[in-house]
Amino acid sequence: MATPLTADRLLKALRDEGLEVHEYRSWRTHNRNSKGPWGPVNGVMIHHTVTKGTASSVELCYEGHSSLPGPLCHGVIDKSGAVHLVGNGRANHAGLGDRDVLNAVVNETALPRDNEADTDGNRHFYGFECINLGDGQDPWPEAQKLAIEKVAAAICRAHGWSQRSVIGHLEWQPGKVDPRGFSMDTMRSRIAKRLGAKPDGPKPQTPKPPAKYEPFPGSAFFRMGRESRIITAMGKRLVAEGCGRYEEGPGPEWTEADRKSYAAWQRKLGYSGDDADGTPGRTSWDKLRVPNV
Ligand SMILES: [Zn+2]
């Protein structure tokens, strides 16, 4: 029995275990607490998503769907072993399961077979969705299994639990098959071994993904004869802003039509004279937000 970890403590526990952790949108305040209690927490539950692709799986687990609103778990473990936090608090992942299983988790004794669905699991379990199709064919890369081991160990360590506090959805709710493709007994042995050693310690977190917008390439970039996808992307943005002065295009080659269009954008921003001569400058470029395509 334990009070749920705060967002900061959860994040620190995962990073201290050596995991790469990404914070998705407003995960810290995203939960289903208005629908029922969260805590006391007693264990960690592992799932598979029945999806592929990291970005779409993370979004789905955050948003949920019409019949099951998100968050659908606390974190998503992708195939490279990175963890994406999507919820903090009660989450729609465990559903109703077996009271005897919960008691075994609380007491950290051997698990009975799950044959009843009489107990609210969303109140008592942290949930982690692992990206896998769950068809018995989709592989489980070692990096992903290692991340499952580390996530579970991090939370057990934070609460003073043993590996017996970690179960699969299939051990909780009759009819569930996830996670499919490795054995929870084997995973619990790995977690036990890890809990017997010190945590790996934080690893350097990967830098943010590249900017969504094209950085300013410098005024000299824009000269007659220059051809670049950046110029096409710029032209499309100018058209979208109502500044397009193209007979045809926009295209990749810098033309007089591009210059006139850009000058219209500069005037729209309030520039005049030489400041609206159609040669891009840094300030007007940054305001145009040319997508990095
Ligand atoms: Zn599940």
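Residues numbered from 1 in each chain as written. Predicted model: local features only at pLDDT ≥ 70, side-chain atom pairs only at ≥ 80, totals over all residues. Heavy atoms only, no water.

Focus on the overall build of the protein chain
Okay, so step 1: The helix and strand inventory of the protein chain stands at eight helices and 10 strands.
Okay, so step 2: On C-alpha atoms alone, the protein chain measures out to a radius of gyration of 26 Å, which is more than a quarter above the 19 Å that the 2.2 N^0.38 rule sets for 293 residues.
Okay, so step 3: With the C-alpha coordinates of the protein chain rotated into their principal frame, the extents come out at 80 × 40 × 35 Å.
Okay, so step 4: Taking all 293 residues of the protein chain together, the buried fraction comes to 47%.
Okay, so step 5: The long-range fraction of contacts in the protein chain, counting pairs at least 24 apart against all pairs at least 6 apart in sequence, stands at 69%.
Okay, so step 6: For the protein chain, the accessible area works out to roughly 14,200 Å², and carbon and sulfur atoms hold 50% of it.
Okay, so step 7: Of the charged side chains in the protein chain, 40 are positive and 36 negative, and the gap between their average positions amounts to 3 Å. (Helix = DSSP H or I, 4+ residues; strand = E, 2+ residues; numbered from the N terminus. Rg over C-alpha atoms; globule rule 2.2 N^0.38 Å. Buried < 20%, exposed > 50% of the residue type's maximum accessible area, 1.4 Å probe, protein only. Contact = heavy atoms within 4.5 Å. Areas by Shrake-Rupley, 256 points an atom, 1.4 Å probe, with all protein chains shown as cover. Lys, Arg positive; Asp, Glu negative; His and termini not counted. Charge placed at Lys NZ, Arg CZ, Asp CG, Glu CD.)

A short note on the coordination of the zinc ion
Ideal geometry at a metal centre gives angles of 109.5 degrees when four donors are arranged tetrahedrally and 90 or 180 degrees when six donors are arranged octahedrally.
Okay, so step 1: Within the protein, the zinc ion binds to His47 (ND1), His169 (ND1) and Asp178 (OD); these donor distances fall in the range 2.1 Å.
Okay, so step 2: Spacing between the donor residues of the zinc ion along their common chain follows H-x121-H-x8-D. In this pair, His47 is assigned in strand β2 (residues 43-48) and His169 in the loop between β10 (166-168) and α5 (184-195), connecting sequence segments 122 residues apart. (Donors = N, O, S within 2.8 Å, 3.2 Å for Na, K, Ca; no water.)

Here we look at the UniProt feature "domain: N-acetylmuramoyl-L-alanine amidase" (unreviewed entry) in the protein chain
Okay, so step 1: As annotated in UniProt, the feature "domain: N-acetylmuramoyl-L-alanine amidase" (unreviewed entry) corresponds to residues 27-180 in the numbering used here.
Okay, so step 2: A distance of 27 Å separates the end C-alpha atoms of residues 27-180, which is 24% helix and 19% strand. (UniProt positions renumbered as here; feature names shortened; annotations may be inferred.)

Quick look at the sheet that holds strand β1 (residues 21-23)
Okay, so step 1: Strand order in this open sheet of six strands is β1-β6-β5-β9-β2-β10, and the pairing throughout is mixed. Edge strands, defined here as strands with exactly one partner in the open sheet, are β1 and β10. Strand-to-strand twist of the sheet, defined as the mean angle between neighbouring strand axes without regard to direction, takes the value 25 degrees.
Okay, so step 2: Alignment of β1 against strand β6 (residues 83-85), held across three bridges, turns out to be parallel. Residue pairing in the sheet places Glu23 in a bridge with Leu85 of β6.
Okay, so step 3: The strands touched by helix α1 (residues 7-16) are β1 and β6; relative to β1, the strand with the most contacts, the crossing angle is about 155 degrees.
Okay, so step 4: In this fold helix α4 (residues 142-159) packs onto β2, β5 (75-77), β6, β9 (125-130) and β10, with an angle of close to 170 degrees to the strand it touches most, β9. (Pairing = 2+ DSSP bridges. Axes fitted to C-alpha atoms, helices over the stretch in contact; angles between N-to-C directions.)

Some points on the environment of Trp161
Okay, so step 1: For Trp161, the location among the structural elements is in the loop between α4 and β10.
Okay, so step 2: Look at Trp161 and you get buried, because its relative accessible area is 11%.
Okay, so step 3: Apart from the residues lying within four places of it in its own chain, the contact partners of Trp161 are Ala2, Val41, Asn42, Gly43, Val44, Glu108, Tyr126, Ile155, Cys156 and Leu195.

What about the domain arrangement of the protein chain?
Okay, so step 1: Split by domain assignment, the protein chain resolves into domain 1 (7-195) and domain 2 (219-288).
Okay, so step 2: Taking the mean C-alpha position of each, domain 1 and domain 2 sit 50 Å from one another. (Domains from an automatic or database assignment.)

Notes on the side chain of Lys150
Okay, so step 1: Tracing the backbone shows Lys150 in helix α4.
Okay, so step 2: Apart from residues lying up to four places away in sequence, Lys150 is in contact with Glu17, Gly18, Leu19, Arg194 and Asp200.

Quick look at the pattern of salt bridges
Okay, so step 1: Following the criterion strictly, the structure yields 19 salt bridges and no others.
Okay, so step 2: In this structure, Arg28 engages Asp8 in a salt bridge whose closest nitrogen and oxygen atoms are separated by 2.8 Å. You can see Arg28 sitting in the loop between β1 and β2 and its partner Asp8 sitting in helix α1, a full 20 residues away along the chain.
Okay, so step 3: With relative accessibility at 33%, the residue Arg28 sits in the partly exposed group.
Okay, so step 4: What you see here is one network of salt bridges that share partners, running through Glu17, Glu142, Glu149, Lys150, Arg157, Arg190, Arg194 and Asp200. (Salt bridge = Lys/Arg side-chain N within 4 Å of Asp/Glu carboxyl O.)

Let's talk about the nonpolar core
Nonpolar side chains tend toward joint burial in soluble globular proteins.
Okay, so step 1: Formed by 35 residues in total, the largest nonpolar core has its most connected members in Leu14, Ile46, Tyr126 and Phe128.
Okay, so step 2: For this core, the secondary-structure elements that each account for two or more residues are α1, β2, β6, β9, α4 and α5.
Okay, so step 3: Per element, the largest residue contribution to this core is eight residues, and it comes from α4.
Okay, so step 4: Dropping the residues within four chain positions of it, Tyr126 is found in contact with Pro4, Leu5, Trp38, Val41, Gly43, Val44, Met45, His74, His93, Ile155, His159 and Trp161.
Okay, so step 5: Counting residues in each nonpolar core, the second largest holds 17 residues, with Phe222, Ile231, Tyr262 and Trp285 among its members. (Core = buried A, V, L, I, M, F, W, Y, C linked by side-chain atoms within 4.5 Å.)

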